[in-house]
Amino acid sequence: MMVKSDDGRELRSFRFKDEDKSQEVRPVERRVLLETFASHLPPETIRFSSKLTGIKKSSDGETVLELADGTQVSAKIVIGCDGIRSPVAKWMGFSDPNFVGHCAIRGLAYYPDGHPLEPNVTYVYGKGLRAGYVPVSSTKVYWFLCFNSPSPGPRITNPSILKEQSRQIIWNWPLDIQDIIYHTADDTIIQTPLMDRWLWPALSPSASSGSVVVVGDAWHPMTPNLGQGACCALEDSIVLAQKLASAVNNPRAMSLEDALKSYERERWSRIFPLTIRANLVGAVLQLENPIVCSVRDNVLLKLVRLRSMLEHTNFEFEPLQNSG
């Protein structure tokens, strides 16, 4: 990993294994990850173009999902993993996520003949602005820009506008990040306002209501400053699967509702601190004052114990058993 200033100076670099032998970096393209998961499902398990418009309880206690095409689906268990604007979470009483004061532009650059980059995670820190990039294969490079904004602003989907906006934001930054943006395909660039939701105990709704439960961003959206949003969603799925398996295999010992409550208790103690920490890290990295930024880059960055900063990535769990 390498951290640079916006004028190209190296501020700090290290190898993950040198700081903590348990650490590693495996950049994976999201499309590949999702397709890998989908390939292990029975045929026709996934139903596309099925926008959820309503949820209600039936007379026999099951949950009925109403879809935009008029279809109704009756379910014994509903797992809402439907993202930061989750209709399931809204039905359960969760408030909208909070805008944290900065937006991100993300993209995937493509070099048909191979990119020239070393296998490093690279961050560039500016004043109220930062960027990062990492190769995900021999031909593709993931990158992001994060910039301060007083409001989420209008939703921009035109890739040409986003690429031009990105180039204007970092017009005087090192050429390597500018070249990466230049090589980004139009269908891989997006802009999103960064949001989170702090799950205050006794104030936030429960993660489950009867046989309905939320996971991932639907429950605990967090800013990407620790790189743990999608990771925590995967952790949620493992813990939830274990709890549901216990309820299904031994219903006398644990009911379905008890399993969902147990999942919530176990995950909350990890999710809540990570959400707050990610927010605070983002606030420090998005500072605009030149003097404060200089202290951050030239003093604090060199004093931070990296091993303690990486411990949040550790998650221990028992392997899932194949019930088939």
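What you are looking at is a predicted structure, and each value in this text was computed from that prediction instead of being measured. (Residues numbered from 1 in each chain as written. Predicted model: local features only at pLDDT ≥ 70, side-chain atom pairs only at ≥ 80, totals over all residues. Heavy atoms only, no water.)

Attention now goes to the side chain of Ser-149. Mapping Ser-149 onto the fold places it in the loop between β10 (140-148) and α4 (159-169). For Ser-149, the side chain forms a polar contact with the main-chain oxygen of Ser-151, separated by 2.6 Å. Among all residues touching Ser-149, those that are not within four sequence positions of it are Phe-99, Gly-101, His-102 and Cys-103. (Helix = DSSP H or I, 4+ residues; strand = E, 2+ residues; numbered from the N terminus. Polar contact = N/O pair within 3.5 Å; in protein donor to acceptor, adjacent residues only side chain to side chain. Contact = heavy atoms within 4.5 Å.)

Once the domains are mapped, the protein shows domain 1 (77-97 + 199-313) and domain 2 (99-196). Measuring from the centre of the C-alpha atoms in domain 1 to the corresponding centre in domain 2 gives 25 Å. Across the boundary between the two partners, domain 1 contributes 20 residues, which contact 16 residues of domain 2. Buried surface at the junction of domain 1 and domain 2, both sides included, amounts to about 1500 Å², of which 54% is carbon and sulfur. Interface area lost by domain 1 to domain 2 is led by Pro-97, Leu-285 and Gln-286, which between them contribute 36%. Counting the contacts that link domain 1 with domain 2 gives zero salt bridges. Linking domain 1 to domain 2 there are eight residue pairs in polar contact (both at pLDDT 80 or more). Within the residue set of the side of domain 1 that touches domain 2, elements represented by two or more residues are α7 (256-285) and α8 (290-303). (Domains from an automatic or database assignment. Buried area = accessible area lost by both parts, 1.4 Å probe. Salt bridge = Lys/Arg side-chain N within 4 Å of Asp/Glu carboxyl O.)

This part covers the packing of helix α6 (residues 229-249) against α7. Taken N-terminus to C-terminus, the directions of α6 and α7 make an angle of 155°; their axes are 8 Å apart at the nearest point. Taken as axis vectors, α6 and α7 run roughly antiparallel relative to one another. α7 is crossed by α6, and the crossing has right-handed handedness. Of α7, the residues touching α6 (which contributes Cys-232, Glu-235, Asp-236, Val-239, Leu-240, Lys-243, Leu-244 and Ala-247) are Leu-256, Ala-259, Leu-260, Ser-262, Tyr-263, Glu-266, Arg-267, Arg-270, Ile-271 and Leu-274. Taken together, the residues of the contact of α6 with α7 break down into 11 nonpolar, one polar and six charged. (Axes fitted to C-alpha atoms, helices over the stretch in contact; angles between N-to-C directions. Parallel < 35°, antiparallel > 145°, perpendicular 65-115°, else oblique. Left-handed = near helix turned anticlockwise from the far one by under 90°. Nonpolar A, V, L, I, M, F, W, Y, C, P; charged D, E, K, R; others polar.)

A cluster of nonpolar side chains, namely Val-28, Val-32, Leu-33, Leu-34, Phe-37 and Leu-234, defines an oily patch on the protein surface of about 490 Å² accessible area. It is helix α2 (residues 30-38) that contributes the most residues to the nonpolar patch, four residues altogether. Looking at the element boundaries, Leu-33 is found in helix α2. (Patch = residues over 30% accessible without salt bridge, like charges linked within 9 Å, V, L, I, M, F, W, Y side chains within 5 Å. Areas by Shrake-Rupley, 256 points an atom, 1.4 Å probe, with all protein chains shown as cover.)

So, about the nonpolar core. Counting 31 residues, the largest nonpolar core has Val-88, Phe-94, Val-214, Trp-219, Leu-240 and Tyr-263 as its most contacted members. Elements with a minimum of two residues in this core: β3 (52-57), β4 (63-67), α3 (87-91), β13 (212-214), α6 and α7. If you tally residues by element for this core, the top one is α7, at seven residues. For Leu-240, the residues in contact, after removing those within four places along its chain, are Ile-79, Val-213, Val-215, Leu-260 and Tyr-263. Counting 19 residues, the second-largest nonpolar core is a separate cluster that includes Tyr-111, Ile-170, Trp-173 and Ile-177. (Core = buried A, V, L, I, M, F, W, Y, C linked by side-chain atoms within 4.5 Å. Buried < 20%, exposed > 50% of the residue type's maximum accessible area, 1.4 Å probe, protein only.)

Let us now look at the side chain of Arg-197. With respect to the helices and strands, Arg-197 occurs in the loop between β11 (190-196) and β12 (208-209). For the buried Arg-197, which has no salt bridge, the nearest side chain bearing the opposite charge is Asp-96, at an N-O separation of 5.9 Å. Here the side chain of Arg-197 touches Ala-218 through a polar contact of 3.1 Å, landing on its backbone oxygen. One polar contact links the side chain of Arg-197 to the main-chain carbonyl oxygen of Trp-219, over a distance of 3.0 Å. Apart from residues no more than four positions distant in its own chain, Arg-197 is found in contact with Phe-94, Ser-95, Asp-96, Pro-97, Asp-217, Ala-218, Trp-219, His-220, Pro-221 and Thr-275. (Lys, Arg positive; Asp, Glu negative; His and termini not counted.)

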